[in-house]
Amino acid sequence: VGSEFVQKRVAELKPDLHVFGHTHFPWDMTLDDGVRYRSWPLGTPEEQARRIASVPTEQAERWYPLPVFDSDGNHYRSSPSCWFSLMYTRIQREPESCHMAPFVAYAYCKNAPTVPDTIISPHGSLEPATEEERLRRERYSAKSSASVTREVRRGQ
């Protein structure tokens, strides 16, 4: 939830939806408290390239604001770009855990426990459904790889 203060406040208010930021990952998940948590970060150009290389859809490339409710007042559907939050459908969510994605541990704390790639993203990246998506992935893959390499070197 971010902090004890925010967690307590969300528990007091009992909203249907909590919109938050600063995760650097698109996020959409309903937790055990029944609250739907959503984040739709703009991100740096490098983060945008990684997102588009992973999910090569037009929606990921244009990155328009994500609707929260539809015209009938119902929660708007999720986006494939929010795949990272699905990790917690495969493992238990433990806010106090210090497990890291392998590339993050490699860059910043080589001795940290890691979460297997198969848990974070069991299918790797979203397979392009069209030739246009395949070309989009190709356009962004080099920038995506270069940014990860830069981060790993920065952490060494």
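Given the structure is predicted, the values throughout are model-derived calculations rather than measurements.

Colleague: I'd love a proper account of the sheet that holds strand β3 (residues 36-39), names of residues and values included.
Modeller: Taken together, the three strands give an open sheet; going across it, the order is β1-β3-β2, and neighbouring strands pair in mixed fashion. Strands with a single pairing partner mark the edges of an open sheet, and in this sheet they are β1 (17-19) and β2 (27-30). Strand-to-strand twist in this sheet, taken as the mean axis angle between neighbours without regard to direction, amounts to 10°. Pairing of β1 with β3 involves three bridges; the strand directions are parallel. Across the sheet, the residue bridging to His 18 is Tyr 37, located in β3.

Colleague: Help me get a handle on the pairing of β3, residues and values and all.
Modeller: Here β3 shows no split at all, with Arg 36 and Arg 38 on one side and Tyr 37 and Ser 39 on the other all buried. The pairing of β2 with β3 spans four bridges and is antiparallel. Considered in β3, the bridge of Met 29 is made with Tyr 37. Adjacent in sequence and paired antiparallel, β2 and β3 are bridged by five residues, among which Gly 34 carries a positive phi angle near 85°.

Colleague: Quick one: what's the story with the pattern of salt bridges, residue by residue and with numbers?
Modeller: Here the structure, examined in full by the defined rule, presents nine salt bridges. Glu 58 is the partner of Arg 62 in a salt bridge, and the nearest nitrogen-oxygen pair spans 2.6 Å. With Arg 62 and Glu 58 both in helix α3 (residues 58-62), this residue pair falls four residues apart, about one helical turn. Looking at Glu 58, the relative accessible area reads 40%, which means it is partly exposed. Residues joined by salt bridges that share partners form a network here, namely Glu 61, Glu 132, Arg 136 and Arg 139.

Colleague: Can you tell me about the packing of aromatic side chains, naming the residues and giving the values?
Modeller: Evaluated as defined, the whole model comprises one aromatic pair. Their ring planes at 5° and their centres at 3.9 Å tell us that Trp 40 and Trp 63 sit as a pair that is stacked. Taken together, the residues span a long stretch of sequence, with Trp 40 in the loop between β3 and α2 (45-54) and Trp 63 in the loop between α3 and α4 (102-108) at a distance of 23 residues. Note on Trp 40: relative accessible area 18%, which makes it buried. The ring of Trp 63 is capped by Arg 51, whose NZ or CZ atom sits 3.6 Å from the centre of that ring. Just above the ring of Tyr 106 sits the side chain of Lys 110; from NZ or CZ to the centre is 4.7 Å.

Colleague: Would you mind going over the nonpolar core in detail, with residue names and values included?
Modeller: With twelve residues, the main nonpolar core is built from Val 10, Trp 27, Met 29, Leu 31, Val 35, Tyr 37, Phe 84, Met 87, Ala 101, Val 115, Ile 119 and Ile 120. Of all the secondary structure elements, the ones that give two or more residues to this core are β2 and α5 (117-120). Discounting chain neighbours no more than four positions away, the residues touching Phe 84 are Phe 25, Trp 27 and Ile 120. In terms of nonpolar packing, the next biggest core, distinct from the first, is built from six residues, Trp 40, Ile 52, Trp 63 and Cys 82 among them.

Colleague: Describe the environment of Ser 147, listing the residues and the values that go with them.
Modeller: Tracing the backbone through its elements, the reader meets Ser 147 in helix α6 (residues 131-155). Ser 147 sits 98 residues away from Ala 49 along the chain, and the two C-alpha atoms are 8.6 Å apart. Not counting the four nearest positions on each side in its chain, Ser 147 is found in contact with Glu 46 and Arg 50.

Colleague: How would you summarise the side chain of Arg 50 if you had to cite specific residues and measurements?
Modeller: Within the secondary structure, Arg 50 is located in helix α2. Once residues within four sequence positions are removed from consideration, Arg 50 is found in contact with Ser 144, Ser 147, Val 148 and Glu 151.

Rules behind the numbers
Residues numbered from 1 in each chain as written. Predicted model: local features only at pLDDT ≥ 70, side-chain atom pairs only at ≥ 80, totals over all residues. Heavy atoms only, no water. Pairing = 2+ DSSP bridges. Helix = DSSP H or I, 4+ residues; strand = E, 2+ residues; numbered from the N terminus. Axes fitted to C-alpha atoms, helices over the stretch in contact; angles between N-to-C directions. Buried < 20%, exposed > 50% of the residue type's maximum accessible area, 1.4 Å probe, protein only. Salt bridge = Lys/Arg side-chain N within 4 Å of Asp/Glu carboxyl O. Phe/Tyr/Trp six-rings, centres within 6.5 Å; stacked < 30°, edge-to-face > 60°. Lys NZ or Arg CZ within 6 Å of the ring centre and 35° of its normal. Core = buried A, V, L, I, M, F, W, Y, C linked by side-chain atoms within 4.5 Å. Contact = heavy atoms within 4.5 Å.

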